[in-house]
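What follows is each chain in one-letter form.
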Amino acid sequence: MAYPVLSTYRLQMRGDGCTFDDAVNLLDYLDRLGVSHLYLSPILTAADGSTHGYDVTDPTTVSAALGGPDGLRRLSEAARSRNIGLIVDIVPNHVGVAHPEQNRWWWDLLAHGRESAYAGYFDIDWELDAGRIVLPVLGSDDDVADLVVDGEVLRLGDLVFPIAPGTGAGSGEQVHDRQHYRLTGWRNGICGYRRFFSITSLAALRQEDRAVFDASHVEVKRWFDEGLVDGLRIDHPDGLSDPAGYLRWLREITGPDAWIVVEKILATDESLDASLPVDGTTGYDALREIGGLFIDPSGETVLTTLSGRPEHDAELTLKTTAVTATLASELGRLCRAIVAVTGQHEDRLPTAVGALISRIGVYRSDYPALDAILPVALQETSCAAPELTDALSIIAVALSTSPEVVSRFNQLCGAATAKAVEDCLFYRDARLVSLNEVGGAPDLFGVSTAEFHQRTSTRMRAWPKTMTTLSTHDTKRGEDVRARIGVLSQVPVTWADSVERWTAASTPPDRDTALFLWQNIFGVWPVDGTVDDELRLRLHAYAEKAMREAATRTSWHDPSADFEDAVHGWLDRVLDGPVAAELTALVSRLDAHARNDSLGQKLIQLTAPGIPDIYQGTESTEDSLVDPDNRRPVDHAALRDALERGDDDKLRVTTAALNLRRRRPDTFLTGGYTPLPADGSAARHLVSFLRGDDVVVAACRWTVALAETGWADTALTLPAGQWVDRLSGRRWTGLVPVRALLADSPVALLERADD
């Protein structure tokens, strides 16, 4: 690798706003910021007009919309001239097939069926419809009658499908009946190919086949052969049949020095398998731990009572429903594979699979380090539902003898967790929504310093080069919005009283929906109370997504216009009525505390073990909600001006920390991690640690109560030597009163000055 990875800056690449040449123009700014590596969202050719790049249509080419291979080379060379490297996000699990004509592999498959050279590239369920590929793309099965023959293709509106050679005579419906595919209504719940979760426009690739791997990674291999790229972020490897095998092949083509991190969502009691040839995860685990430090546990009881949060069994029920309904097509294919392997059929087999998966608390359990999870889940399921014991025995036999069953079972596990928990339960649980994050654990109300220091020490020892993050393109809320919402844990009674009063005054159509939305509205509410048209539209868009993901009164599958209109009307009453003034008053009162927590979590992320990623724009305060809101274009010109002025606290903290990492790489890459507890009556309000022997970090928390008591006698004993605060310029030594150390800022970044 040309340069050690010390930090990354994530850019969301898009043809209409952030091309390779646009990225070149940002390099001087990123260099001043202190970034070591630019980290690009997917850059392979994606669907026309894609704003995210995860719907790759040709994995063998760099996107022409972004600037093509020449643009990538220009960016790589320009970055290297500033000693900045490149990291690229790749998507091995699936390709985009929403418009078949844009994906030559998929088009050829549809045209030639099993005879296609690409038939083995996709995980097709050839048994589902007598060898035809079932495509759930129609609003209704009756739409087949509207197909039109147009030369060598079939058309329906803006949909285009190939016609197999020699089958084009007759009406559209007659021609359709001769094809290697069958178009069907998406509401039927059947699909003839493995997809990404339940998204039919994303078809899975069979990366377990080396020929498929080589064909889909020819461009990625070129990047490393030609020295254009230094590392990769791997999107959702748990969706593959054999993640570990895939990662071993990937390491072969990238070489031993490439920095590779995987989007692996870990449960709180799950460790990343040490046998994987990667440098770590994309940091959702660190996000939970760092943000959790600023949640005040004293607020749990009041906020729990207010929310009437779902029962513990809600997750089991939602996961079972996800398996048996949303993912019914995948469940059916798995059950057929189980019967084929065992020769045994049991009517309760689908029910047993759903019940079993609901009790597996990880994305997939077939990593060597997780061997104990499946047998425990089998026993728990059998105890809870004795009538499923025989079916569970059949499942266990199949899992013990068939690699196909193992992979399909575990792929279904991950999809069920994503659909039931992250895309549903996290939009229902209104206790403290800042906890409802990818990789989060809302049942655990925050993170104690004991847990934090233990996990961080383990990270330093086991995965020192793993990515850490606070915001991504997939987070439910941006880091600053989460920080502000987290402050509610410090004022639970005030919040509960406010919500009850506001709810009574604004008459929402559904109390649970309102309880969830109140916190999100508070999280993005302007300090000056001015709600412009842009924010109004963003809040309405968020409300629609939140309602449909929660799927209690409306859903993506079956939207209720009446209910959604009623919620939108309620939201307008909030924005335009007397509640708005009270929201503004509360936001203004708590704003300083929210900014404190935002700075604190940022500095800790930038200095704790791991490689910190700065998601575009989050070097300064911003107010993003869930995608696509968090993928909006960033005003880098304004950020550049703020960096010049030096009057943006968060930007100043980010720049100081990143440049310190660049000056002292050994401290942050291989230096130790030592907790530094304070002494005194307010010691619990300070989080502090030593990196190596030359950097001390301190951040205060729970400042609502601290404002009343003050630091009093609380002091921090610094290691021997002279120390200078790179934020204030002041010097310290020995026993330092915290009220003096943090007199000008809620955080301190001390560097040893006598070496």
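Reference entry: report on the structure contained in this document. Since we're looking at a predicted model, the values are computed, not measured. (Residues numbered from 1 in each chain as written. Predicted model: local features only at pLDDT ≥ 70, side-chain atom pairs only at ≥ 80, totals over all residues. Heavy atoms only, no water.)

So, on to the packing of aromatic side chains. Where two aromatic rings form a pair, the distance of their centres and the angle of their planes describe that pair. Under the counting rule described, the total for this entry stands at 15 aromatic pairs. Look at tryptophan 106 and tyrosine 193: their rings are 5.1 Å apart centre to centre, the planes differ by 75°, and that puts the pair in the edge-to-face class. Of this pair, tryptophan 106 sits in helix α4 (residues 104-112) while tyrosine 193 is found in the loop between β11 (181-185) and β12 (195-196), placing the two residues 87 residues apart along the sequence. Its relative accessible area of 2% is what places tryptophan 106 among the buried residues. Between phenylalanine 213 and tyrosine 246, the ring centres sit 5.6 Å apart and the planes meet at 70°, which makes this aromatic pair edge-to-face. Of this pair, phenylalanine 213 sits in helix α6 (residues 210-216) while tyrosine 246 is found in helix α8 (residues 243-254), placing the two residues 33 residues apart along the sequence. The structure contains a cluster of three or more aromatic residues connected by ring pairs, namely Trp495, Trp502, Trp518, Phe522 and Trp570. Between arginine 10 and the ring centre of tyrosine 39, over which it is positioned, the NZ or CZ distance is 4.8 Å. In this structure, arginine 484 is placed above the aromatic ring of phenylalanine 522, and the distance from its NZ or CZ to the ring centre is 5.9 Å. (Phe/Tyr/Trp six-rings, centres within 6.5 Å; stacked < 30°, edge-to-face > 60°. Helix = DSSP H or I, 4+ residues; strand = E, 2+ residues; numbered from the N terminus. Buried < 20%, exposed > 50% of the residue type's maximum accessible area, 1.4 Å probe, protein only. Lys NZ or Arg CZ within 6 Å of the ring centre and 35° of its normal.)

Take the pattern of salt bridges next. Per the counting criterion, the structure on display carries 67 salt bridges. Residues aspartate 21 and arginine 74 are paired through a salt bridge, measuring 3.2 Å at the closest nitrogen-oxygen approach. Of this pair, aspartate 21 sits in helix α1 (residues 20-24) while arginine 74 sits in helix α3 (residues 68-80); the two residues are 53 residues apart in sequence, bridging distant segments of the chain. The partly exposed category is assigned to aspartate 21, whose relative accessible area is 35%. Residue classification places arginine 74 among the partly exposed positions, given a relative accessible area of 40%. Salt-bridge contacts for lysine 264 lead to glutamate 270; the nearest nitrogen and oxygen are separated by 3.3 Å. Neither lysine 264 nor glutamate 270 differs from the other in exposure class; each is buried. Among the charged side chains, a salt-bridge network with shared partners connects Arg10, Asp89, Arg233, Asp235 and Glu263. (Salt bridge = Lys/Arg side-chain N within 4 Å of Asp/Glu carboxyl O.)

Under the 1.5 Å per step criterion, the end-to-end length of helix α20 (residues 511-524) is 20 Å for 14 residues, consistent within 8% with the ideal 20 Å. α20 sits mainly inside the fold: twelve of its 14 residues count as buried. Along its buried surface, α20 packs onto α10 (300-307), α18 (479-486), α19 (492-506), α21 (533-550), α22 (561-576) and α23 (579-607). (Expected span 1.5 Å × (residues − 1). Contact = heavy atoms within 4.5 Å.)

Here we come to the packing of α18 against α20. Interhelical geometry of α18 versus α20 gives an angle of 115° and a closest axis separation of 8 Å. In the packing of α18 onto α20, the handedness of the crossing is right-handed. Residues Val481, Arg484 and Ile485 of α18 form the contact with α20, whose participating residues are Gln519, Asn520, Phe522, Gly523 and Val524. The residue inventory of the contact of α18 with α20, partitioned by class, reads four nonpolar, three polar and one charged. (Axes fitted to C-alpha atoms, helices over the stretch in contact; angles between N-to-C directions. Left-handed = near helix turned anticlockwise from the far one by under 90°. Nonpolar A, V, L, I, M, F, W, Y, C, P; charged D, E, K, R; others polar.)

A few words on the pairing of strand β21 (residues 695-700). Burial within β21 is extensive, with six of its six residues counted as buried. Every second residue of β21 is oriented toward a common face, with Val695, Val697 and Ala699 on one face and Val696, Ala698 and Cys700 on the other, all of them buried. Across six bridges, strand β20 (residues 686-691) lies against β21 in antiparallel orientation. Directly across from phenylalanine 689, in β21, lies its bridge partner valine 697. The antiparallel pairing of β20 with β21 creates a hairpin that spans three residues between the two strands, and glycine 692 there sits at a positive phi of about 60°. As paired strands, β21 and strand β26 (residues 747-752) are joined by five bridges and run antiparallel to one another. (Pairing = 2+ DSSP bridges.)

What follows is about the sheet that holds strand β16 (residues 280-281). Ordered by their spatial adjacency, eight strands build an open sheet running β16-β15-β14-β5-β2-β1-β18-β17, and the pairing between neighbours is parallel. Of all strands in the sheet, those with a lone pairing partner are β16 and β17 (467-468), marking the two edges. Bridge count for strand β1 (residues 8-11) against strand β18 (residues 611-615) is three bridges, and the pairing is parallel. By the bridge assignment, threonine 8 is partnered in β18 with aspartate 613. Of the strands in this sheet, β2 (37-40) and β5 (85-90) touch α3, which is tilted by about 140° from β5. Packed on one face of the sheet, helix α7 (residues 218-225) meets β5 and β14 (231-234) and runs near 150° to β14.

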